[in-house]
Amino acid sequence: MRLNKFLASCGVCSRREADRLIERGDVTVNGLPGETGQSVSDEDIVLVRGERVSGEKEPVVLAYHKPAGVTCSERDAHAERLITDMIDYPVRLTYAGRLDKDSTGLILMTNDGDLIEAMMKGSHRHEKEYVVTVKHEITPEFLESMRQGVYLKDLHIKTRKCSVRQVDHYTFVIVLTQGVNKQIKRMCKACGNTVSAIRRVRIMNILLGDLAENEWREIKGEEKRRLYELSGQKRENAEACRKAE
């Protein structure tokens, strides 16, 4: 198995992030620096920043309600609170997709690097739903511009068409199917408004529901099987999740 896939199967991170760890020299194999494309097995001693990782593990997925002020990062010397330090769980977990430091709401934590990889692929058009509050009163023109897709000058891209529903004068619900950095803030700014608050309430079939801030619940059974199915995982992987419950 390639080193990046091995790290993903151990729940360290996605394969893409594993390649970055290897390039930075954070990974060693049998005491030597790991190399991109290197093959490893369970018999090899693989360390990430001095901590050993080994063996494929049963996939764990948690739904976590991220509070404001928590940074989605495993290492950030300037962050007061890291998301990986917020959950006391016996298995090493990492985040599947990010939320800005000042945003709140649902984020999935897992030890399945392949699931993280699948969820990060914008081509899969996974739905993510947000409740957004803005500073200026919402107009019909603003809503229609958001629905039709917004050209972001700094990124030289136009966002995909999306579902937008007004809640009150300053709040709307938006469903996105792509993962552009700070997308909602950029879209609102391009349409002449400014975001006050963002709360993610759904990722595919997983709902935030009444989960309180800084609390988590484990995804199990049919809900977990459906998540794997929607994320584009192979049918046998989704079936294995159901049988493991």
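Source: prediction; values computed, not measured.

Enquirer: Help me understand the state of the cysteines in this model?
Expert: Disulfide: a covalent bond formed between the sulfur atoms of two cysteine residues. Counted under the stated rule, the structure contains zero disulfides. The thiol of Cys-188 is unpaired, and the distance to the nearest cysteine sulfur, on Cys-191, comes to 7.1 Å. Relative accessible area serves as the criterion here: at 0%, Cys-188 is assigned to the buried category.

Enquirer: Explain the layout of surface pockets to me, please; I cannot follow it from the model alone.
Expert: Take a probe with the size of a water molecule and roll it over the atoms, and the empty space left behind shows itself. One number sums up the size of the largest pocket: a volume of about 1,000 Å³. Lining the largest pocket are 43 residues, with Gly-97, Arg-98, Leu-99, Met-120 and Gly-179 positioned closest to its centre. Elements with a minimum of two residues in the lining of the largest pocket: helix H2 (15-23), strand S8 (94-96), helix H3 (113-120), strand S10 (128-134), helix H5 (183-190) and strand S15 (195-203). Residue contributions to the lining of the largest pocket peak at four residues, all from H2. Its residues placed into classes, the lining of the largest pocket shows 16 nonpolar, 12 polar and 15 charged.

Enquirer: What should I look at first to understand the pairing of S10 in this one?
Expert: Every other side chain in a regular strand lies on the same face of the sheet, so the side chains alternate between the two faces. Among the seven residues that make up S10, six are buried, leaving the element largely enclosed by the rest of the structure. Judged from the six bridges that link them, S10 and strand S14 (residues 171-176) form a sheet pairing that is antiparallel. Counterpart to Glu-129 in the pairing with S14 is Val-175. Pairing analysis gives seven bridges linking S10 to S15, with the strands arranged antiparallel. Within the sheet, the bridge partner assigned to Val-132 lies in S15 and is Ile-198.

Thresholds, definitions, all that
- Residues numbered from 1 in each chain as written.
- Predicted model: local features only at pLDDT ≥ 70, side-chain atom pairs only at ≥ 80, totals over all residues.
- Heavy atoms only, no water.
- Disulfide = S-S within 2.5 Å.
- Buried < 20%, exposed > 50% of the residue type's maximum accessible area, 1.4 Å probe, protein only.
- 1 Å grid on protein atoms, 1.4 Å probe; cavity = no way out; pocket = protein on both sides within 12 Å on 5 of 7 lines; lining within 4 Å.
- Points joined across faces, edges and corners; volume = space filled by probe spheres on them.
- Helix = DSSP H or I, 4+ residues; strand = E, 2+ residues; numbered from the N terminus.
- Nonpolar A, V, L, I, M, F, W, Y, C, P; charged D, E, K, R; others polar.
- Pairing = 2+ DSSP bridges.

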